[in-house]
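Now for the letters of each chain:
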Amino acid sequence: MSAAKRLAGEKAIDYVEDGMIVGVGTGSTVTYFIDALGRMRDRIAGAVSSSEQSTERLRSHGIEVMDLNAVGPLPLYVDGADECDPHKRLIKGGGAALTREKIIAEASERFVCIIDPAKQVPVLGRFPLPVEVIPMARSLAARAILAATGGQPVWREGTVTDNGNWILDVHGLAIAEPLVVERELNQIPGVVAVGLFARRPADIVIVGGEPPQLL
Ligand code: 5RP
């Protein structure tokens, strides 16, 4: 699948304009985008990064990484996804960067999502839904998630997010109403972010292939 990821990541460069500050997601597909961005680094003003991993790679290309608070709303955010439904609603967080990804997506005028074809699904939920939680709320949040969705939360042991929190992956879901589930899980005390991007879906989805397909 890495050829498809590369084709999607490189196609997203079409949306980058001279002088832009670009919001940058996290993951293997985004790595191809960052590398392509590096080849045009002199034409952009900088980037806002969603993870330490992406920050390191951006800096390795000489791209300045800026603080979202200092640069305000962004024209463009490019990120991958773990699943994408026909309405461009997403599951994200396989790389544990969902909270910062959600913040930058919300702060951006246009969200371009880059995926390989295997990420396309009719209904979200086959990929376990990541939920970032404050460590002391892990058990409480897991019980509440089970009660609200019927899905089975599994602690991603050993993973600590860039924000110092933990991840629960919720298995066994078929999410017919992503907006409702996103809203309900967001209300559980101790939940920092839910890896459902339904309230703020992607605007454009690039599915990697020869040629890349636009949704
Ligand atoms: C990280 C993410 C990634 O976008 C998602 O996991 C897809 O990753 P990849 O491009 O490696 O398949 O949400 O938190």
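About the cut-offs
- Residues numbered from 1 in each chain as written.
- Predicted model: local features only at pLDDT ≥ 70, side-chain atom pairs only at ≥ 80, totals over all residues.
- Heavy atoms only, no water.
- Buried < 20%, exposed > 50% of the residue type's maximum accessible area, 1.4 Å probe, protein only.
- Helix = DSSP H or I, 4+ residues; strand = E, 2+ residues; numbered from the N terminus.
- Pairing = 2+ DSSP bridges.
- Core = buried A, V, L, I, M, F, W, Y, C linked by side-chain atoms within 4.5 Å.
- Contact = heavy atoms within 4.5 Å.
- UniProt positions renumbered as here; feature names shortened; annotations may be inferred.
- Axes fitted to C-alpha atoms, helices over the stretch in contact; angles between N-to-C directions.
- pLDDT = per-residue confidence, 0-100.
- Domains from an automatic or database assignment.
- Buried area = accessible area lost by both parts, 1.4 Å probe.
- Salt bridge = Lys/Arg side-chain N within 4 Å of Asp/Glu carboxyl O.

Asker: I would appreciate a short explanation of the pairing of strand β6 (residues 108-115) in the present structure.
Answerer: Each regular strand displays side chains that alternate between the two surfaces of the sheet. Within β6, six of the eight residues are buried, which leaves it mostly tucked inside the rest of the structure. Looking at chain direction, strand β3 (residues 74-79) and β6 are connected through five bridges and run parallel. Bridge pairing links L74 to S108 in β6.

Asker: Quick question: what am I supposed to make of the nonpolar core here?
Answerer: Note on soluble globular proteins: their nonpolar side chains tend to be buried together. Counting residues in each nonpolar core, the largest one holds 25 residues, and the members touching the most others are V16, V24, F33, L37, V112 and I114. When neighbours within four sequence positions are excluded, F33 is seen to be in contact with G9, A12, I13, V16, V22, V24, V78 and I114. Membership of the second largest hydrophobic core comes to 19 residues, among which are L129, A141, V181 and V194.

Asker: Would you explain the environment of A105 in this entry?
Answerer: Summarising the element assignment, A105 is placed in helix α5 (residues 98-106). For the pair A105 and A202, spaced 97 residues apart in sequence, the C-alpha separation works out to 8.3 Å. Those residues within four positions of A105 in sequence are excluded, and the remaining contacts are Y77, F111, F197 and R200.

Asker: Just to check I follow, could you spell out the UniProt feature "active site" (unreviewed entry) in the protein chain for this structure?
Answerer: Under the local residue numbering, the UniProt record ascribes the feature "active site" (unreviewed entry) to E101. The contact partners of E101, leaving out residues within four places of it in the chain, are T26, S50, Y77, D79, K92, G93 and F197.

Asker: Got a minute to help me understand the environment of E177 in this structure?
Answerer: Secondary-structure assignment places E177 in the loop between β9 (166-171) and α7 (178-186). Sequence separation of E177 and E106 is 71 residues, and the distance between their C-alpha atoms is 20 Å.

Asker: Any chance you could explain the sheet that holds strand β8 (residues 152-155) here in plain terms?
Answerer: Through backbone hydrogen bonds, the strands of a sheet pair up, either in parallel or in antiparallel fashion. If you walk across this open sheet you meet the four strands as β8-β9-β7-β10, and the pairing is antiparallel. Of all the strands in the sheet, the pair left with one neighbour each is β8 and β10 (191-194). Averaged over all pairs of adjacent strands, the angle between their axes in this sheet comes to 30 degrees, without regard to strand direction. Relative to β9, strand β7 (residues 129-133) runs antiparallel, the two being bridged by five bridges.

Asker: Sorry, what's going on with the confidence of the model for the protein chain here?
Answerer: Interpretation of the predicted coordinates at a detailed level should be avoided for regions scoring low in pLDDT. Of all residues in the protein chain, 100% attain a pLDDT of 70 or more, and the chain-wide mean is 97. As scored by the predictor, the complex reaches a pTM of 0.97 and an ipTM of 0.98.

Asker: What's the story with the domain arrangement of the protein chain in this structure? I'm lost.
Answerer: Often, the extent of an interface is quoted as the loss of accessible area on bringing the components together. Once the domains are mapped, the protein chain shows domain 1 (2-120 + 199-214) and domain 2 (129-194). If you average the C-alpha positions of domain 1 and of domain 2, the two centres end up 24 Å apart. Facing 15 residues of domain 1, the contacting portion of domain 2 comprises 18 residues. When the two sides are added together, the surface that domain 1 and domain 2 hide from each other amounts to roughly 1200 Å², 55% of it contributed by carbon and sulfur. Looking only at domain 1, the three residues that lose the most surface to domain 2 are L98, T99 and K102, adding up to 38% of its buried area. Counting across the domain 1 and domain 2 interface gives one salt bridge. The closest approach of N and O atoms between E182 and K102, which form a salt bridge, is 2.7 Å.

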